Amino acid sequence: MIRIAIDGPSGAGKSTVAKAVAGRLGIDYIDTGAMYRALGYKMKLKGVEPVEDERLAELLESTDIDFRAGDIYLDGEIVNDKIRTPEMSMAASACSALAMVRRKLVELQQNMAASKSVIMDGRDIGTVVLPDAELKYFITASAEERASRRYKELMEKGQDVSYDSILSDIIERDHNDSTREVTPLRQADDAVLLDTTLMTAEEVVNRICTDAGKML
Ligand code: DC
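Rules behind the numbers
Residue numbers run consecutively from 1 along every chain, following the written order of its sequence. It should be noted that, the model being predicted, local features are given only for residues of pLDDT at least 70 and side-chain atom pairs only at 80 or more, the latter also being counted only at that level, while totals for whole chains, interfaces and linings use all residues. Heavy atoms throughout the structure, all of them, feed into the side-chain values; hydrogens and water do not. Only buried residues count toward a nonpolar core, which is a set of Ala, Val, Leu, Ile, Met, Phe, Trp, Tyr and Cys residues joined through side-chain atoms within 4.5 Å. Here's how the labels work: a residue is buried when its accessible area is under 20% of the maximum for its type, exposed when over 50%, partly exposed in between, all with a 1.4 Å probe on protein chains only. Each helix is a run of DSSP H or I of at least 4 residues and each strand a run of E of at least 2, with the numbering of both proceeding from the N terminus. The criterion used for residue contact is that any of the two residues' heavy atoms lie within 4.5 Å. Being paired, for any two strands, means DSSP has found at least two bridges between them.

Draft legend 1. View of the nonpolar core. If you look at the biggest cluster of nonpolar residues, it comprises 35 residues, and the most contacted ones within it are Met35, Leu39, Ile65, Ile72, Val101 and Leu130. Elements supplying a minimum of two residues to this core: helix H2 (32-46), helix H3 (53-61), strand S3 (65-68), strand S4 (71-74), helix H4 (86-95), helix H5 (99-112), strand S6 (118-122) and helix H6 (125-129). Ranked by residue count, the leading element in this core is H2, at seven residues. With 20 residues, the next largest nonpolar core counts Ile119, Ile139, Leu194 and Val205 among its residues.

This is the structure in structure tokens:
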């Protein structure tokens, strides 16, 4: 069994890399950011505010999040597209700062990795979710590079967005994610740092698969 932890800021290429590595090694990919997005989406849908502890606890109790064949299911419904908007990025960032939310999602993530090989990406995988992962990486890139990648991605999907608003969202989210009190984004002491401003996704994938190959 092999568990690979990938952490880093928004838009650094974590999911592109993790998906490709999962495909090559034939293991499951778990996108934990999508789980925070799905929960942020449900909180908006139900009108639950971060300060409403009791309603939030109830909502968490009755929420089911799962991955099947590359799709994310929220309470049995595929929500892939609904959670990939700038509004849901902000909703995810806000709900990911709540200790109650993190407790629930970390537990779900640990269960998902308990009995099978996985590659999991997020912000706290190497530090909290899978501290004993066999391989750990921290993938990063400059804010400008990350903004221009996300801009292209959203344009291709036909969403009407401006580069400047994406860049300022990224800077704001970086700030939120790395300064929040509960589990701020941090590189694990034993994680390998890979900067994708200077490396192509393919180079990063090759590097991780080579490292994994030595362990399998
Ligand atoms: O990777 P992403 O952009 O889909 O993540 C959405 C938000 O969720 C982001 O603001 C950071 C947060 N997140 C987190 O706090 N911990 C994780 N393991 C994954 C994501």
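Draft legend 2. Looking closely at the environment of methionine 112. By the secondary structure assignment, methionine 112 is in helix H5. On the basis of relative accessibility, which here comes to 13%, the residue methionine 112 falls in the buried class. When the C-alpha positions of methionine 112 and leucine 130 are compared, they lie 11 Å apart, and in sequence the two are 18 residues distant. Sequence-distant contacts of methionine 112, defined by excluding residues within four places in its chain, comprise Ile30, Met35, Ile65, Asp66, Phe67 and Val118.

Draft legend 3. Molecular detail of the pairing of S3. Residues Ile65 and Phe67 of S3 are buried on one face, while the alternating residues Asp66 and Arg68, pointing to the opposite face, are not. Pairing between S3 and S4: four bridges, direction antiparallel. Of the residues in S4, the one forming a bridge with arginine 68 is aspartate 71. Where S3 hands over to S4, the hairpin turn is made up of two residues, of which alanine 69 adopts a positive phi near 50°.

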